[in-house]
Amino acid sequence: MIKNYVFAAAAAGVFAASGAHAADLPVAPEPVDYVRVCDAYGSGFFYIPGTETCLRVGGGMRVEFRFRDFADDGNTNWGTRDGNATTTRARAYVRFDSRTNTEYGLLRTYVDLWFTGDSGGSTTPAVTLWNGFIQFGGFTFGRAESFFDFYTGDNWGSLIQQGFSDHRTNLFAYTYGFGNGFSATLSAEDATFVRSEAQVGTVYGGHKWPDLVANLRVDQGWGSAQVMGALHQAYGKGSTVGAPIADSEIGWAIGAGVTFNAPMLAPGDTISFQAAYADGATRYVHESAAMGDFVGLSVTNLETSTGWGVGGGITHHWTPTLSSALTANYASFDNDRGVLADVDVDQWGIQGNLVWSPVSGFLMGVELEYQSTDWNTASGIADDDDLVGIFRVQRTF
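Residues numbered from 1 in each chain as written. Predicted model: local features only at pLDDT ≥ 70, side-chain atom pairs only at ≥ 80, totals over all residues. Heavy atoms only, no water.

Student: What am I meant to see in the layout of surface pockets here?
Tutor: The rolling of a water-molecule-sized probe over the atoms marks out the regions of remaining empty space. Size it by volume and the largest pocket reaches roughly 1,300 Å³. Forming the boundary of the largest pocket are 43 residues, of which Arg62, Asn155, Trp156, Gln162 and Asp166 lie nearest the centre. Broken down by element, the residue count for the lining of the largest pocket peaks at 5 residues, all from strand β2 (residues 54-67). The class makeup of the residues in the lining of the largest pocket is 10 nonpolar, 19 polar and 14 charged. Estimates place the volume of the second largest pocket at around 520 Å³. Along the wall of the second largest pocket there are 23 residues; nearest its centre are Phe133, Gln135, Thr140, Phe147 and Thr175. In terms of residues, the lining of the second largest pocket owes the most to one element, strand β6 (residues 139-145), which gives 4 residues. When grouped by side-chain class, the residues that make up the lining of the second largest pocket number 7 nonpolar, 11 polar and 5 charged. (1 Å grid on protein atoms, 1.4 Å probe; cavity = no way out; pocket = protein on both sides within 12 Å on 5 of 7 lines; lining within 4 Å. Points joined across faces, edges and corners; volume = space filled by probe spheres on them. Helix = DSSP H or I, 4+ residues; strand = E, 2+ residues; numbered from the N terminus. Nonpolar A, V, L, I, M, F, W, Y, C, P; charged D, E, K, R; others polar.)

Below, the structure is given as C-alpha cells:
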C-alpha cells in the first residue's frame with residue numbers, strides 16, 4: 001500500500017514538471033507585415049507590404065504673390081478698372097512613383113497631381129493631371145512631356161512662358177538605350193496639345209493624325225544633349241474669307257539643345273542652349289507662339305507659318321543656400337500670304353530670379369519675367385510687352 005502511494009506521488013511530480021516545462025516554451029509569433037526600405041531606385045522608396053513593388057510618395061506646396069503686367073504697352077492689369085494688378089496662387093502637389101523589376105525590364109507607374117487655387121477663380125481648387133504614365137521595358141504610355149522637349153528654361157516661367165517647346169501630351173513612345181548614356185525615342189503624340197490658333201484665320205478641324213516625334217539623346221557626366229524632330233498635321237477648318245477650308249498640310253519642326261554641367265563655377269551650376277525651326281508647327285519653337293500654325297487664304301489654300309527660335313540660360317549658386325537663374329530667348333515667325341501682305345512677329349524675353357534655400361526642399365525667392373511681342377505694320381496688330389514679378393515660397397518632399 002505504501003509503495004502504491006509512493007508511485008502515485010512520483011507520477012504526479014513527473015506530470016507537474018512536464019506541465020511546467022511546456023508552459024515555459026516560447027510561443028511562435030503571429031506573422032507581421034512591416035515596411036522595408038527599397039534602395040534600388042534612390043531614397044524615399046519602400047516596399048509595398050506583401051509585394052516586390054517599390055513605392056515613393058512625394059509632393060509639395062507652393063504659394064505665390066504676383067505683381068501683374070506693369071510694362072508700358074498693352075497694360076490691361078494696372079491700366080483698367082477691371083484689371084487684376086496683383087494676384088495670388090496656392091498649389092499643392094501629390095506624386096506617386098511605383099516600380100517593379102520584371103523579366104522584361106522595369107515596370108513603372110507615375111502619377112503627378114496638382115491642386116491649384118488662384119485668386120479670382122472658383123472656390124474649388126482646379127485639379128490637373130500633370131503627369132500620368134506607365135513605363136514597361138522601353139515603352140511609355142500616358143500623359144507626359146513631349147519627347148521633342150529638351151531645354152525648357154532655368155527659371156520658373158510662372159506667368160510668362162520661357163520661350164521654348166514645353167508641353168504635356170498623351171503619347172505612346174518607345175525608347176531604346178544604346179549604352180554609355182545614348183538613347184533614341186520614337187513617339188506618337190496627341191496633336192491637339194500642340195496646336196496653335198494664335199491669330200485670326202487659324203482654325204483647326206478635327207484631330208486626324210497624331211504628331212510623330214523622334215529624338216536622339218545623350219546623358220553623361222559632362223551634361224546632356226538632344227536633337228529632335230516632329231511631323232504635325234495642319235488640318236484647317238476656317239479661313240480669312242469666312243468659308244470652310246478643304247486643305248491641309250504636313251507641318252514639321254527640328255531642334256537641338258545642350259546642357260553643360262559647370263562645377264568649375266560652383267557645385268550644381270549649369271549652362272544651356274537650344275535652337276529650333278518649324279513650318280506649320282509654331283509651338284515646337286515657342287510654347288506661347290504669337291503666330292498660329294497656318295492661315296486660310298481661301299477655301300483651297302492653307303498657308304503655313306514658319307518660325308525659328310534660339311535661347312539659353314544659366315543657373316549659378318552664389319553660396320550653398322543662395323542661387324540665381326537667368327533665361328533669355330528670341331523667336332521670329334512669318335506667314336507669307338502671297339498677293340496679300342506678309343505678316344511677321346518677333347518675340348523675345350528674359351527672366352531672372354534670386355532664390356534662398358536655407359534647408360533642403362524649402363525655398364523662398366523673387367523673380368522678374370519680361371516678354372516683348374512686335375508685329376509688323378501689315379499685320380494691323382498692336383505691339384505688346386509684359387513685365388511681371390513673383391514672390392514664391394515652396395516646400396517639396
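Student: Whenever I open this one, the environment of Thr300 confuses me. Can you help?
Tutor: Looking at the secondary structure, you find Thr300 in the loop between β14 (294-298) and β15 (301-304). Note: C-alpha distance between Thr300 and Ile245 (55 residues apart in sequence) is 5.8 Å.

Student: Teacher, can you tell me more about empty space enclosed by the protein here?
Tutor: A full pass over the atoms with the stated rule returns 1 cavity of 30 Å³ or more. Looking at the largest cavity, its volume works out to about 40 Å³. Along its surface, the largest cavity is lined by Gly163, Phe164, Gln274, Ala275, Ala276, Val285, Gly309, Val310 and Gly311. When residues of the lining of the largest cavity are traced back to their parent elements, those giving at least two are β13 (270-279) and β16 (306-319).

Student: What is the right way to look at the side chain of Thr169 in this model?
Tutor: Examined against the element boundaries, Thr169 turns out to sit in strand β7 (residues 168-179). With relative accessibility at 1%, the residue Thr169 sits in the buried group. For Thr169, the contacting residues outside a window of four places in its chain are Gly142, Arg143, Ala144, Ser146, Glu189, Asp190 and Phe193. (Buried < 20%, exposed > 50% of the residue type's maximum accessible area, 1.4 Å probe, protein only. Contact = heavy atoms within 4.5 Å.)

Student: Help me understand the state of the cysteines in this model?
Tutor: One pass over the full model with this rule turns up 1 disulfide. Between the sulfur atoms of Cys38 and its disulfide partner Cys54 the distance amounts to 2.1 Å. Looking down the S-S bond of the Cys38 and Cys54 bridge, the torsion is 80°, so its handedness is right-handed. You can see Cys38 sitting in the loop between α1 (2-24) and β1 (46-47) and its partner Cys54 sitting in strand β2, a full 16 residues away along the chain. (Disulfide = S-S within 2.5 Å.)

Student: Which parts of the structure should I look at to understand the pattern of salt bridges?
Tutor: Oppositely charged side chains are able to pair whenever their charged atoms sit close together. Considering all chains together, one arrives at 11 salt bridges under this definition. Residues Arg217 and Asp219 are paired through a salt bridge, measuring 2.9 Å at the closest nitrogen-oxygen approach. The partner of Glu287 in a salt bridge is Arg283, with the nearest N and O atoms 2.3 Å apart. Through salt bridges with shared partners, a single ionic network connects Glu64, Arg66 and Arg392. (Salt bridge = Lys/Arg side-chain N within 4 Å of Asp/Glu carboxyl O.)

Student: I tried to follow the packing of aromatic side chains on my own but got confused; where do I start?
Tutor: Two numbers describe a pair of aromatic rings. These are the distance of the centres and the angle of the planes. Under the definition given, this model contains 17 aromatic pairs. A ring pair is formed by Trp114 and Trp130, whose centres lie 4.1 Å apart and whose planes are at 15°; its orientation type is stacked. You can see Trp114 sitting in strand β4 (residues 105-118) and its partner Trp130 sitting in strand β5 (residues 126-136), a full 16 residues away along the chain. With a centroid separation of 4.8 Å and an interplanar angle of 55°, the aromatic rings of Phe139 and Tyr174 are classed as tilted. With Phe139 in strand β6 and Tyr174 in strand β7, the pair connects residues that are 35 residues apart, well separated along the chain. Judged by relative accessible area, which is 39%, Phe139 ranks as partly exposed. By relative accessible area, which is 36% here, Tyr174 ends up partly exposed. Ring pairs connect the aromatic residues Phe139, Phe141, Phe172 and Tyr174, which therefore count as one cluster. The aromatic ring of Tyr47 is capped on one face by Arg36, whose charged end is 4.2 Å from the ring centroid. Stacked on the ring of Trp156, the Lys or Arg Arg392 has its end atom at 4.2 Å from the ring centre. (Phe/Tyr/Trp six-rings, centres within 6.5 Å; stacked < 30°, edge-to-face > 60°. Lys NZ or Arg CZ within 6 Å of the ring centre and 35° of its normal.)

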